[in-house]
Amino acid sequence: MRVHKRIVRRESYPGDLLGEDIHPILARIYAARNLTNIAELDRGLEKLIPYTTLKDVDAAVELLCDAVIHQQNILILADFDVDGATSCTVALRALRMMGAAHASYLVPNRFEYGYGLTPEIAVVASKYKPDLLVTVDNGISSIDGIAVAKSHGMKVLVTDHHLQGARLPDADAIVNPNQKGDEFPSKMLAGVGVIFYVMLALRARLKGSGWFDSNNASIPNLATLLDLVALGTVADVVPLDANNRILVEQGLRRIRAGQCCPGITALLKIARRNPQRLVAADMGFAIAPRLNAAGRLDDMSLGIECLLSNDQTAADQLAAQLDELNQQRRQIESKMQYQAIDIIESLHLDDDNKPPVALCLYDDRWHQGVIGILASRIKERLHRPVIAFARAGRTGGANDANDNGEDSDEIKGSARSIPGLHIRDALDAVASRYPALLNKFGGHAMAAGMTIRAKDLTAFTRAFQEEVSRTIAPESLQGIILSDGELGADELSLVFAEGLRRGGPWGQGFPEPIFDGHFQIVDRRIVGEKHLKMLLRAANSEQCIDAIAFNIVDRDWPRDTREVEIAYRLDVNEYRGVLSPQLIIEQVTPCQE
């Protein structure tokens, strides 16, 4: 089963809003994304929002400044995804550049401790004897964990970007643009963006105090960390508002210029990506999965060590290990997808054969570290909010159900949403209405995590579907591809494709342009067992262009299908140093003869 999405063209705007120097189609694309001022295309660092309006940033800097000047022990507590890994690396690299001699990190293993600063991980952290504990990409909901940390004599600084709950933890300082009362204009920073801003503020304070002069040290250039900031921002799929686009663009420029850390260089090499032609999508689809594989299957310390390494040979070796883990992850994910589809096909569907308004899927065999990807894949397939559950502690072994001391009755869920449903708010509503159902939960608009009892799965599914039905508009379930219109044969060119690549960075909230059109099939074949490769001819033209549709096969098409309607992205394919335009197909529909 796959929900076929309806193609809807975006509202058309005049093509000359940004002046004659911008291609009219690109200007129209920008206007459809609410960018109509030529100044917004300036992605220079001087255009970044200053850190001064971040709530509690002065208190945070006071803690850090004191720790650096008095050479205290600083422990960074990271999350086990790419945002957490890059946040940790930015914090450590920046602190060491500014003279902190005793800065280390701890990242919880998801199978032993779960997410964030839990009471259990706070006890582990105490063994490092830190004077200051700094959370990155977590902590805003760690009320009990922070209480334990403080009982062990630590000062605690929380840096996070997730939404706060009803209560805030009793930390010494909290920097989070999404906490109540914060006036920072951009609420879209990833965790790595938040800690980068905190490090900017710390550098300014140390510079003003004469710290660098008194230690005969140069003032560090924190722009050297922007490759990491860009990677974490793209990987966490936060909306690319104007401020985030600057952070990502500046990081991409550094990577293209060969000015990135050895770890990113190694990951690009093993992913066979040309750093000189890197775009944001390469970070999301080539680098991030390899780093994430460490946190999903093993220990994110491997990914952090890769990013921290200053030795290219060592970084290459770590990247090779990450690549191997990613191959294992793909095999596990593929098997889980088949199992999930079997579950879906066994559901009692409505008279129109439509899937339920929301899905909660569980299989006792599923790997806890991969359910987030599974939920995302099924969400894309069915255009429904999806929560995939796995038994707590399940890591793929035969007898690993309760090897970490967790309650064997617990199952952990990873949720992915669709536009029109704020998934964390939906879980909050379920928890308010049925307090006994959710043990814990957290997240943001499009993704969340939770823990429930296995025996409550049916009741939770019913409650979750009730809340989604109550909240979401029916049209949000239809599935829509927003198109930027049709391109003429002249625009299906390498020159225009390159212009679109330079027009980014594209990403969440500032989507890469999608076009639609009618094409004739000149040739088609299946590659890699599950990808559809085609040679297409544009309507009313003799021009042919290569196209590929990932994870789409044409076994159900009549062999004599000659024409298709497609929604596609125009990209550049690089093969053996030769560049050519290529269509990346988002959806393909055979035309009725």
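Note that the coordinates shown come from a computational prediction; the quantities given were computed from them, not determined experimentally.

(A) Looking closely at the sheet that holds strand β8 (residues 386–391). Read across the open sheet, the 5 strands follow the order β7-β8-β9-β11-β10; overall the sheet is mixed. On the outer flanks of this sheet lie β7 (359–362) and β10 (438–443), each paired with one strand and no other. Neighbour-to-neighbour, the strand axes of this sheet turn through a mean angle of 20°, independent of strand direction. As judged from the 7 bridges shared by strand β9 (residues 410–416) and strand β11 (residues 447–453), these two strands associate in the antiparallel manner. Following the sheet pairing, S414 is matched in β11 by G449. Packing of helix α15 (residues 423–433) onto the sheet brings it into contact with β8, β9, β10 and β11, and relative to β10 it is tilted by some 160°.

(B) Layout of the sheet that holds strand β3 (residues 103–106). One open sheet accounts for 5 strands, arranged β3-β2-β4-β5-β6; its pairing is parallel. Two strands in the sheet have a free side with no partner beyond their single neighbour: β3 and β6 (173–175). When the angles between neighbouring strand axes are averaged without regard to direction, this sheet yields 20°. As paired elements, strand β2 (residues 74–77) and β3 share 4 bridges and run parallel to each other. Within β3, the position partnered with I76 by the bridge is Y105. Against the sheet, helix α2 (residues 57–69) engages β2, β4 (132–136), β5 (155–159) and β6, with an angle of about 130° to β5. Across the face of the sheet, helix α6 (residues 191–208) comes into contact with β4, β5 and β6 while running at roughly 120° to β5.

(C) Highlighting the side chain of S87. Tracing the backbone through its elements, the reader meets S87 in helix α3 (residues 82–97). According to the relative accessible area criterion, S87 is buried, its value standing at 0%. Discounting residues that sit within four places of it in the chain, S87 has contacts with V136, D137, G191, V192 and I195.

(D) Inspection of the environment of Q312 at higher detail. Inspection of the secondary structure puts Q312 in helix α13 (residues 312–345). Given the relative accessible area of 28%, Q312 is considered partly exposed. Each C-alpha atom of the pair Q312 and C261 lies 8.7 Å from the other, and the pair is 51 residues apart in sequence. Look past the residues within four positions of Q312 in its chain and what remains in contact with it is P262, T265 and A266.

(E) Spatial organisation of the confidence of the model for the protein. Model confidence for the protein is summarised by a mean pLDDT of 91, while 94% of its residues fall at 70 or above. Counted against residues more than four places away or in other chains, residues 401–407, with its pLDDT under 50, gives 12 contacts.

Conventions and cut-offs
Residues numbered from 1 in each chain as written. Predicted model: local features only at pLDDT ≥ 70, side-chain atom pairs only at ≥ 80, totals over all residues. Heavy atoms only, no water. Pairing = 2+ DSSP bridges. Helix = DSSP H or I, 4+ residues; strand = E, 2+ residues; numbered from the N terminus. Axes fitted to C-alpha atoms, helices over the stretch in contact; angles between N-to-C directions. Contact = heavy atoms within 4.5 Å. Buried < 20%, exposed > 50% of the residue type's maximum accessible area, 1.4 Å probe, protein only. pLDDT = per-residue confidence, 0-100.

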